[in-house]
Amino acid sequence: QVQLVESGGGLVQVGGSLRLSCAASGNIFRISAMGWYRQAPGKQRDLVATITRDGSTNYADSVKGRFTISRDNAKNTVYLQMNSLKPEDSATYYCNARDKYNGAMNYWGKGTLVTVSS
């Protein structure tokens, strides 16, 4: 099993910045790509950004140019730097890890809440 623990969420004003962290533990050798998803109340969970072990990234159009995903493989941690935050970025942010040996297997953290106030 893989455990993921997010941190760094909170309340920030429009235009502000936050940095989310996700620390992985357990059978970390099973992890391939990692990423961040978000879910606002009453809405589906959507992709924010992903990063492979070699650093290739992918972003949702809504966050391109504002968010940056990065990964420290030595620390088994993935980060999400969020700049120029907007009210529509308010959501619970979930860390995700894909299983290297079972593509259908995903691991999830419990989430961290981000609230952007206007």
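As shown above, the structure is provided for reference.
Residues numbered from 1 in each chain as written. Predicted model: local features only at pLDDT ≥ 70, side-chain atom pairs only at ≥ 80, totals over all residues. Heavy atoms only, no water.

Trainee: So what exactly am I meant to see when it comes to the side chain of S21 here?
Mentor: Along the chain, the position of S21 falls in strand β3 (residues 18-26). Residues in contact with S21, not counting those within four places in the same chain, are V5, E6, S7, W36, T77, V78 and Y79. (Helix = DSSP H or I, 4+ residues; strand = E, 2+ residues; numbered from the N terminus. Contact = heavy atoms within 4.5 Å.)

Trainee: Where do I start with the nonpolar core in this structure?
Mentor: The nonpolar side chains of soluble globular proteins are, as a tendency, buried together. L4, M34, W36, L80, M82 and Y93 are the most contacted members of the largest nonpolar core, which totals 29 residues. At the level of elements, β1 (2-7), β3, β4 (31-39), β5 (46-51), β7 (67-72), β8 (77-82), β9 (91-99) and β11 (112-117) are the ones that each hand at least two residues to this core. (Core = buried A, V, L, I, M, F, W, Y, C linked by side-chain atoms within 4.5 Å. Buried < 20%, exposed > 50% of the residue type's maximum accessible area, 1.4 Å probe, protein only.)

Trainee: Please clarify how the packing of aromatic side chains should be interpreted in this entry.
Mentor: Between two aromatic rings, the relevant description is the distance of the centres plus the angle of the planes. Applying the stated criterion across every chain yields a total of two aromatic pairs. Ring geometry for F29 versus Y101: centroids 6.4 Å apart, planes at 55 degrees, classification tilted. Taken together, the residues span a long stretch of sequence, with F29 in the loop between β3 and β4 and Y101 in the loop between β9 and β10 (106-108) at a distance of 72 residues. Seen in terms of ring centroids, Y37 and W108 are 5.1 Å apart; in terms of plane orientation they differ by 70 degrees. Their pairing is edge-to-face. Here Y37, found in strand β4, pairs with W108, found in strand β10; they are 71 residues apart in sequence, far enough to count as distant. Across the ring face of Y79, the terminal group of R19 is positioned such that the distance to the ring centre comes to 4.0 Å. Across the ring face of W108, the terminal group of R45 is positioned such that the distance to the ring centre comes to 4.7 Å. (Phe/Tyr/Trp six-rings, centres within 6.5 Å; stacked < 30°, edge-to-face > 60°. Lys NZ or Arg CZ within 6 Å of the ring centre and 35° of its normal.)

Trainee: Explain the layout of surface pockets to me, please; I cannot follow it from the model alone.
Mentor: Empty space among the atoms can be located by rolling a probe the size of a water molecule over them. In this model, the largest pocket occupies a volume close to 160 Å³. Taken together, the elements giving at least two residues each to the lining of the largest pocket come down to β4 and β5. Here the lining of the largest pocket is built from residues that sort into four nonpolar, four polar and four charged. (1 Å grid on protein atoms, 1.4 Å probe; cavity = no way out; pocket = protein on both sides within 12 Å on 5 of 7 lines; lining within 4 Å. Points joined across faces, edges and corners; volume = space filled by probe spheres on them. Nonpolar A, V, L, I, M, F, W, Y, C, P; charged D, E, K, R; others polar.)

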